Amino acid sequence: MERNQLLFEQIEAYLNKELTEEQHLAFQKRMEVDPILKEEVQNHKALKEAMVDMDAVDLRKKLQKIAFSDQEIDAAIVAPKKKRFPIWQIAASILLLLGITAFFWLNNTGSNNDLFETYYTVYPTEDTMRGEQLLDLNIALKSYENGNYSIAISQLKPFIEKYKEKTELKIFLGNCYLNTGNEKEAIGVFKKFKWEEKYYEDAQWYLALSHLKLNNKNSTYNALKKVIEYNGIRKKNAEALLNELKVKDPDYN
C-alpha cells in the first residue's frame, strides 16, 4: 500500500467520522481485507491521541527538527480557525515521508530531554579552594559560575593536571561539557571516577544524565543503579528518575 495524501485524507475522514454511512462501511470492508491499511489507521489513531497531550511549543521544536518552516508550523498552530490545520494532521503528514517510527523516536527523545531538564542542576563551586594565590583558578571558577562553559573548559584543564587531588574540578569540567552539547566528552570525564573517590556518587549521577541526553538506555540504567547502590544523598533522585524512565519505557529494567 502506497502512502499518499489521498490515503491520509481518507484515514482522517474515517477517524473524524466525516464519511457518509456508505463510505464508512466501505472503508471498514477495505480494512478487513487489507491488514496494512488497518495497521495504518491504528498508527494514525495512536498518533492523534498522542498529539492531544502535546504542548504546541514542544511540537514546534519537533517539527523544526524535520525542517518544517515557521510559516508551515504557524499554519498548524496559530492560523485562524477556519484555515487552521489540526496539529496532528501536520505531524501525520511527516509520517508519509518518514514513517510512524520516526515520530515516536522524536517524541521519546523529547521526553528524555524533559527529564534531563527536570533532574539536572549544575554542580556548585562552594567547597572549592579559593585564595589570591589561586587567582587563575578563581577566574576559571567565575567563568563556570557565570555560565561561560566553553571558556571555563580551557581554563580548568591546566588545574585538573596540577591539582589532581581536587577531583571536584573534573566534576566542573564534565558539567561544562554537558552544557556545551559535548555529552560524549562529559561521559569520558565522569566514567573515570572510582568507588573510593570522594566525588564518585556525583560523577555517577552526572554520568547517568549524560547518557540520558544521548538516549543510551543500558548505560543510563547502569549509572543510576550505581548511584542507588552507593546509598548517598543522590539515591532518592536516582530512584525517582529510574522510576520515571521505567514508566515511559519498560526497556529500562
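S.K.: Help me get a handle on the nonpolar core, residues and values and all.
M.R.: Of all hydrophobic cores here, the largest spans 46 residues; its most connected members are Leu156, Phe190, Trp205, Tyr206, Leu209 and Leu241. No other element matches helix H12 (residues 200-213), which puts eight residues into this core. The contact partners of tyrosine 206, leaving out residues within four places of it in the chain, are Tyr120, Thr121, Val122, Tyr123, Ile171, Asn175, Leu178, Phe190 and Arg234. By size, the runner-up hydrophobic cluster in this structure holds eight residues, among which are Ile11, Tyr14, Phe27 and Val41.

S.K.: A description of the environment of asparagine 179 should follow, citing residues and the corresponding values.
M.R.: Within the secondary structure, asparagine 179 is located in the loop between helix H10 (168-178) and helix H11 (183-190). Classification of asparagine 179 as partly exposed rests on a relative accessible area of 34%. Along the primary structure asparagine 179 and valine 122 are separated by 57 residues, whereas in three dimensions their C-alpha atoms are 8.7 Å apart. With residues near it in sequence (within four places) discarded, asparagine 179 still touches Tyr120, Val122 and Tyr149. Separated by 2.7 Å, the side chains of asparagine 179 and tyrosine 120 make a polar contact. A distance of 2.8 Å separates a polar side-chain atom of asparagine 179 from the backbone oxygen of asparagine 175.

S.K.: How would you sum up the side chain of asparagine 175? Please name residues and give values.
M.R.: Its place among the elements puts asparagine 175 in helix H10. Its relative accessible area of 0% is what places asparagine 175 among the buried residues. There is a polar contact of 2.8 Å between the side chain of asparagine 175 and the backbone oxygen of isoleucine 171. Every residue in contact with asparagine 175, bar those within four places of it in the chain, is listed here: Tyr120, Thr121, Val122, Tyr123, Tyr144, Phe190 and Tyr206.

Rules used in this analysis
- Residues numbered from 1 in each chain as written.
- Predicted model: local features only at pLDDT ≥ 70, side-chain atom pairs only at ≥ 80, totals over all residues.
- Heavy atoms only, no water.
- Core = buried A, V, L, I, M, F, W, Y, C linked by side-chain atoms within 4.5 Å.
- Buried < 20%, exposed > 50% of the residue type's maximum accessible area, 1.4 Å probe, protein only.
- Helix = DSSP H or I, 4+ residues; strand = E, 2+ residues; numbered from the N terminus.
- Contact = heavy atoms within 4.5 Å.
- Polar contact = N/O pair within 3.5 Å; in protein donor to acceptor, adjacent residues only side chain to side chain.

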